[in-house]
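Below, each chain spelled out in residue letters.
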Amino acid sequence: LCRLEPHNPRVALSYVEALIENEQIDVAKRELNRASFVSLEDEVALFEAIVLIREQQPSRARLLLERVVSPQAHVSERIRQKAQTTLESL
């Protein structure tokens, strides 16, 4: 799907999420840095926070997660809940 829609940020974020779930943190990090997610920056913050947690940087991750769970964040309820759960586990 990434080859069929290389400029679709939703596809790219789904790919990043799958990479993280499969413990491919370096590849996920590279994809987050490579793609353009202007309209999805709060969702990107969640995945960046998860990468930071895996890299043993929980304080930086906490700041990003707090942004995602804030009422001003433009995210789906699924992303907000995932961020809240991740924040609570820190």
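Details of the structure are given in the entry above.
Here is a short report on the structure shown in this document.

## Digging into the nonpolar core
Inference 1: Membership of the largest hydrophobic core comes to 27 residues, with the highest contact counts inside it found for Leu 13, Ile 20, Leu 32, Phe 37, Leu 46, Phe 47 and Val 68.
Inference 2: Looking at this core, the elements with two or more residues in it are helix H1 (9–21), helix H2 (25–34), helix H3 (41–54), helix H4 (58–69) and helix H5 (77–88).
Inference 3: Per-element tally for this core: the top contributor is H3, with eight residues.
Inference 4: If near-sequence neighbours (up to four positions away) are discounted, Leu 46 is found in contact with Leu 65, Val 68, Ile 79, Lys 82 and Ala 83.

## What to know about H5
Inference 1: The terminal C-alpha atoms of H5, which comprises twelve residues, lie 16 Å apart, in line with the 16 Å expected from a rise of 1.5 Å per residue.
Inference 2: Within H5, burial applies to Ile 79, Arg 80, Ala 83, Thr 86 and Leu 87. The buried residues of H5 all sit within an arc of 130° when viewed along its axis, so they share a single face. Within H5, the exposed residues directed more than 90 degrees away from the buried face are Thr 85 and Glu 88.
Inference 3: Against the buried residues of H5 lie H3 and H4.

## As for the packing of H1 against H3
Inference 1: At their nearest, the axes of H1 and H3 sit 11 Å apart, and the two run at 20° to each other. Accordingly, the angle class assigned to the pair H1 and H3 is roughly parallel. In the packing of H1 onto H3, the handedness of the crossing is left-handed. For the pair H1 and H3, the contacting residues are Arg 10, Leu 13, Val 16, Glu 17 and Ile 20 in the first and Glu 43, Val 44, Phe 47, Ile 50, Val 51 and Arg 54 in the second.
Inference 2: Per-class residue counts for the contact of H1 with H3 are seven nonpolar, no polar and four charged.

## Focus: the layout of surface pockets
Inference 1: Within this model, the largest pocket holds a volume of roughly 220 Å³.
Inference 2: What lines the largest pocket is a set of 13 residues, and nearest its centre among them are Pro 6, His 7, Ala 12, Arg 34 and Ala 35.
Inference 3: Mapped onto the lining of the largest pocket, the elements with two or more residues apiece are H1 and H2.
Inference 4: The greatest single-element share of the lining of the largest pocket, amounting to four residues, is contributed by H1.
Inference 5: Each residue belonging to the lining of the largest pocket can be placed in one class, and the counts come to seven nonpolar, three polar and three charged.

## Some remarks on the packing of H3 against H4
Inference 1: Direction vectors running N to C along H3 and H4 enclose 155°, while the axes themselves pass 8 Å from each other. Accordingly, the angle class assigned to the pair H3 and H4 is roughly antiparallel. Helix-helix and strand crossings are classified by hand; for H3 and H4 the assignment is left-handed. Contact residues: H3 offers Glu 41, Asp 42, Ala 45, Leu 46, Glu 48, Ala 49, Leu 52 and Ile 53, while H4 offers Arg 60, Ala 61, Leu 64, Leu 65, Arg 67 and Val 68.
Inference 2: Partitioned by chemical class, the residues of the contact of H3 with H4 number nine nonpolar, no polar and five charged.

Rules used in this analysis
- Residues numbered from 1 in each chain as written.
- Predicted model: local features only at pLDDT ≥ 70, side-chain atom pairs only at ≥ 80, totals over all residues.
- Heavy atoms only, no water.
- Core = buried A, V, L, I, M, F, W, Y, C linked by side-chain atoms within 4.5 Å.
- Buried < 20%, exposed > 50% of the residue type's maximum accessible area, 1.4 Å probe, protein only.
- Helix = DSSP H or I, 4+ residues; strand = E, 2+ residues; numbered from the N terminus.
- Contact = heavy atoms within 4.5 Å.
- Expected span 1.5 Å × (residues − 1).
- Arc of directions from axis to C-beta.
- Axes fitted to C-alpha atoms, helices over the stretch in contact; angles between N-to-C directions.
- Parallel < 35°, antiparallel > 145°, perpendicular 65-115°, else oblique.
- Left-handed = near helix turned anticlockwise from the far one by under 90°.
- Nonpolar A, V, L, I, M, F, W, Y, C, P; charged D, E, K, R; others polar.
- 1 Å grid on protein atoms, 1.4 Å probe; cavity = no way out; pocket = protein on both sides within 12 Å on 5 of 7 lines; lining within 4 Å.
- Points joined across faces, edges and corners; volume = space filled by probe spheres on them.

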